[in-house]
Amino acid sequence: MTPRGKKKQVSYSDLQLNDALSAVSNGMSVGKAARQFQIPRTTLRYKLSGKIPRGISEHGGRQCFLGKEIESEIVEWILQCARRGFPVGRDGLLTTVQQIIEGLPNKGGFKNKRPSVKWFYKFMKRHPEISVKKAEYVNRARGSVTEDKIRLWFKDVKKQLEDYDKILNYPERVFNMDETAFTLAPKGEFILGPVGRHVYMESSHSDKESITTLFAVNAAGVFAPPLTLFKYDRLPLIAAKSAPPNWGIGKSESGWMTGATFYEYIGNVFLPFLNEKNIKRPVIVFLDGHSSHLTLHLSKLCREKGIVLVALYPNATHILQPLDVAVFKPIKAKWGKLKTEWRMMHNGAEISKFDIPKILNQIILEERMVNNIISGFRATGLYPFNPDSVDYGKVIERVENRKQLQVEEDSQSPVKTCVKILESKISPDLLIQFKVIKENGDDFPGDDATKVLYSAWKEMADMQDHNQQDTQPEISSNADDYTKQTDEVKWPERQMKKRRHDQENIPRVITSDKWVDFFQKKDDEKKKNEQDKIERKAAREAIKKEKEKKKEQLSETRKQKKQNLKKHCKK
């Protein structure tokens, strides 16, 4: 016997179905209508008998117990909960359906009045607009971010960068910086092992041990030299020798980013990179508002070197930061794979924290990283600078009071609000005349009443211009000042009354090759000191021998004199 093949499904239009049903109603046989309109005969019989609805959108077979309308309401409820930050899980859905069934007159259809897991998968298949996914944790502060607030931030940044608006047109001059941590211990993975027994993966590293690395990228898809921080008072030589050339290596007491380490990274790693790549300044750096990123000393340094720091909207880095959106996830995914491959290639030996820069360098040099960075800047609206490009689907919907938002916007600049109110009371023609006279610096030629109005408007407009200038970063107009590279930048600290003898007077952050030069210089000084010590010891020994020799000569002379005196006395 030949196996029975899969039944071929016949496709037909809604018009064909209606014409066939009408023809049968007018006396045509079901078989003739099926052949003429090319519709399965069984389908026509089921449609005529009412076993299945007549609409073409309805599928054959048994209908869902809850019905189409109730399931549509459940789907809308699931989507709404997801948008508002309270996603529904499988058990939550089954419990909700159980409560709905208990309120229905006909409570049959499910065992124990609760849908099974099989019903859940069928429900998901019937509604492809929802899917099972892993929820991302967002704290309450991030949940308070709204689309209106993000758009207002774009508006404020655009206004603050009016004098540097052209910078946003050059991708190589738009940067994003942020740090992330890399764990050394392997995470739980799906592995092969004996049935019925637990399998463990042993590691000498703590599962809480991590190494912080700072990344800096521009909208053209280029990585600036990253910075890896180690928890040391005195950095070992292996930390510098294991890193690629020009990779930033730093130290801090906690191993985390501090104001001092970030300040020295900008001065000793990022600025030399700008000079080496001949990137025209000023440049714009978008970063989060962490306390280590925004210090007075850093602001002064950036003002002198042509760097405009722009803080991203608070608690919105998962929406506005290119590194978070498109770069960190693929880097960490690749990092996890390389950790496992490292153990296999080195006979179970674990990766060392000093190998992190070398492995991360392999990851960021991959070609796909360029596309990830460019896509991240585009998806966050930072380049091209466009608030409409932001994925506002990540924003948790909340009931937002528009009037309160407008009050907050106006309260940020009361002078601006007063100017707008005053200008709304002035006729457009007269306002244009006011602006022309103010720009030319002339005196108003009108009557006394209009002069008073012009004086009041001009005074408030001057105050508004002054406030805007205060918020603008003061950048030097001399481009040559940006490329002047002095010695290594050091974090300004208070002078200690008593200096520890073993305290190293070196920066916390410099590039790996400069660290190697520092250790080489330190080793040469140590060898020189040891050689000087040997030479001083040899000189002291020579002087001591010379003194002993003179002493022996003097003693011999005195002895000879005594013998001569005795001989003289005997004579």
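Residues numbered from 1 in each chain as written. Predicted model: local features only at pLDDT ≥ 70, side-chain atom pairs only at ≥ 80, totals over all residues. Heavy atoms only, no water.

Student: Can you lay out the nonpolar core for me, pointing to particular residues and giving the numbers?
Tutor: Among the nonpolar cores identified, the biggest contains 57 residues, and Trp153, Phe215, Phe223, Phe286, Leu320, Ile331 and Leu360 are the most heavily contacted of them. A per-element tally of this core places helix H13 (residues 322-345) first, with 7 residues. Not counting residues up to four positions away in its chain, the partners in contact with Ile331 are Phe182, Phe215, Phe223, Leu360, Ile363, Ile364 and Met369. Residues Phe175, Leu227, Met257 and Val509 belong to the second largest nonpolar core, which totals 27 residues. (Core = buried A, V, L, I, M, F, W, Y, C linked by side-chain atoms within 4.5 Å. Buried < 20%, exposed > 50% of the residue type's maximum accessible area, 1.4 Å probe, protein only. Helix = DSSP H or I, 4+ residues; strand = E, 2+ residues; numbered from the N terminus. Contact = heavy atoms within 4.5 Å.)

Student: How would you explain the side chain of Thr317 if you had to name every residue and give the values?
Tutor: Tracing the chain through its elements places Thr317 in helix H12 (residues 317-320). Within the structure, the side chain of Thr317 is placed 3.5 Å from the side chain of Asp324, a separation counted as a polar contact. (Polar contact = N/O pair within 3.5 Å; in protein donor to acceptor, adjacent residues only side chain to side chain.)

Student: Give me the pairing of strand E1 (residues 174-183): which residues, what numbers.
Tutor: In terms of residue burial, E1 counts as a mostly covered element, since 8 of its 10 residues are buried. In terms of strand pairing, E1 meets strand E5 (residues 283-287) through 3 bridges, oriented parallel. When the bridges of E5 are listed, Phe175 appears paired with Val285. (Pairing = 2+ DSSP bridges.)

Student: Please give an account of helix H6 (residues 117-126) that cites residues and values.
Tutor: Listed as buried for H6 are Trp119, Phe120, Phe123 and Met124. Along the long axis of H6, the arc covered by the buried residues comes to 140°, so they all point the same way. Exposed residues on H6 whose side chains face more than 90 degrees from its buried face are Lys118, Tyr121 and Lys125. (Arc of directions from axis to C-beta.)

Student: I'd like to hear about the packing of aromatic side chains, residue by residue, with values.
Tutor: In total, this model carries 14 aromatic pairs according to the counting rule given. A ring pair is formed by Phe215 and Phe223, whose centres lie 6.2 Å apart and whose planes are at 70°; its orientation type is edge-to-face. Accessibility expressed as a relative area gives 14% for Phe223, which makes it buried. One aromatic cluster is present, built from ring pairs that chain together Phe182, Phe215, Phe223, Phe328 and Trp335. We note Arg90 situated over the ring of Phe120; from NZ or CZ to the ring centre the distance is 6.0 Å. Sitting above the plane of the Phe182 ring, Lys332 keeps its charged end 5.9 Å from the centroid. (Phe/Tyr/Trp six-rings, centres within 6.5 Å; stacked < 30°, edge-to-face > 60°. Lys NZ or Arg CZ within 6 Å of the ring centre and 35° of its normal.)

Student: Describe the sheet that holds E1, naming the residues involved and giving the relevant values.
Tutor: Reading across the sheet, the 7 strands line up as E6-E5-E1-E2-E3-E4-E7 and stay open at both edges, with mixed pairing between neighbours. One side of each edge strand has no neighbouring strand; the edge strands of this open sheet are strand E6 (307-311) and strand E7 (509-511). Each neighbouring strand pair of the sheet contributes to a mean axis angle of 25°, computed without reference to strand direction. Bridging between E1 and strand E2 (residues 210-218) involves 9 bridges; their strand directions are antiparallel. By the bridge assignment for E2, Met177 is matched with Ala216. With respect to the sheet, helix H10 (residues 259-276) is in contact with E1, E2, strand E3 (223-231), strand E4 (248-252), E5, E6 and E7, its orientation differing from that of E3 by roughly 150°. (Axes fitted to C-alpha atoms, helices over the stretch in contact; angles between N-to-C directions.)

Student: Give a detailed account of the packing of H13 against helix H15 (residues 368-380), specifying residues and quantitative values.
Tutor: Interaxial distance between H13 and H15 falls to 6 Å at its minimum, and their mutual angle equals 150°. Classed by the angle they form, the pair H13 and H15 counts as roughly antiparallel. Residue-level contacts link Pro322, Val325, Ala326, Val327, Pro330, Ile331 and Lys334 of H13 to Arg368, Met369, Asn372, Ile373, Gly376, Phe377, Ala379 and Thr380 of H15. (Parallel < 35°, antiparallel > 145°, perpendicular 65-115°, else oblique.)

Student: So what's going on with the pattern of salt bridges? Which residues, and what values?
Tutor: Summed over the entire model, instances satisfying the criterion amount to 8 salt bridges. Where Glu147 meets Arg151, a salt bridge forms, and the shortest distance between an N and an O atom there is 3.1 Å. Of the two residues, Glu147 and Arg151 are both situated in helix H8 (residues 147-160); the distance of 4 residues between them amounts to about one turn of the helix. For Arg151, a relative accessible area of 29% translates into the label partly exposed. With a closest N to O distance of 3.6 Å, Glu264 and Arg508 form a salt bridge. Here Glu264 is found in helix H10, whereas its partner Arg508 is found in the loop between helix H20 (480-483) and E7, with 244 residues between them in sequence. (Salt bridge = Lys/Arg side-chain N within 4 Å of Asp/Glu carboxyl O.)

Student: Could you give me a rundown of the confidence of the model for the chain, with the residues and numbers involved?
Tutor: Looking at the chain, pLDDT values average 77 and 73% of them are 70 or higher. Mean pLDDT per element in the chain: helix H16 (residues 402-411) is the minimum at 47, and H15 is the maximum at 94. For residues 399-412, every residue scores under 50 in pLDDT, and the model assigns this stretch 9 contacts once sequence neighbours within four places are set aside. Scored below 50 in pLDDT, residues 469-473 shows 8 contacts in the model against residues more than four places distant or in partner chains. (pLDDT = per-residue confidence, 0-100.)

Student: Give a description of a positive patch on the surface that names residues and reports values.
Tutor: A surface patch of positive charge is lined by Arg558, Lys561, Lys562, Lys566 and Lys570. Within the secondary structure, Arg558 sits in helix H21 (residues 512-570). (Patch = residues over 30% accessible without salt bridge, like charges linked within 9 Å, V, L, I, M, F, W, Y side chains within 5 Å. Areas by Shrake-Rupley, 256 points an atom, 1.4 Å probe, with all protein chains shown as cover. Lys, Arg positive; Asp, Glu negative; His and termini not counted. Charge placed at Lys NZ, Arg CZ, Asp CG, Glu CD.)

Student: Go over the packing of helix H1 (residues 14-25) against helix H3 (residues 41-49), please, and point to the residues and values.
Tutor: Remark: H1 packs on H3, axes separated minimally by 11 Å, with the N-to-C direction vectors making an angle of 70°. By the criterion of interaxial angle, the relationship of H1 to H3 is roughly perpendicular. In this structure, H1 crosses over H3, and the sense of that crossing is right-handed. Contacts from Leu17, Ala20, Leu21 and Val24 in H1 reach Leu44, Lys47 and Leu48 in H3. Here the contact of H1 with H3 is built from residues that sort into 6 nonpolar, no polar and 1 charged. (Left-handed = near helix turned anticlockwise from the far one by under 90°. Nonpolar A, V, L, I, M, F, W, Y, C, P; charged D, E, K, R; others polar.)

Student: Quick one: what's the story with H8, residue by residue and with numbers?
Tutor: Taking 1.5 Å of rise per residue, the 14 residues of H8 would be expected to cover 20 Å, and the 20 Å separating its terminal C-alpha atoms lies within 8% of that figure. Along H8, the residues that are buried comprise Lys149, Ile150, Leu152, Trp153, Phe154 and Val157. (Expected span 1.5 Å × (residues − 1).)

Student: So what's going on with unusual backbone geometry? Which residues, and what values?
Tutor: Cis rather than trans, the peptide bond between Arg281 and Pro282 has omega equal to 15°. With an omega dihedral of -10°, the bond running from Tyr383 to Pro384 counts as a cis peptide bond. Not every positive phi belongs to a glycine, and Asn278 is a case in point at roughly 55°. Within the fold, Asn278 resides in the loop between H10 and E5. Of the residues examined, Asn278 reaches a relative accessible area of 67% and is grouped as exposed. The phi dihedral of Asn315 is positive, around 60°, even though this residue is not glycine. By the secondary structure assignment, Asn315 is in the loop between E6 and H12.

Student: Any details on the pairing of E3? Residues and values, ideally.
Tutor: Within E3, 8 of the 9 residues are buried, which leaves it mostly tucked inside the rest of the structure. Once E2 ends, the chain turns through 4 residues before running back antiparallel as E3, passing Gly221 with a positive phi of about 90°. As judged from the 5 bridges shared by E3 and E4, these two strands associate in the parallel manner. Across the sheet, Thr228 pairs through a bridge with Ile249, a residue of E4.

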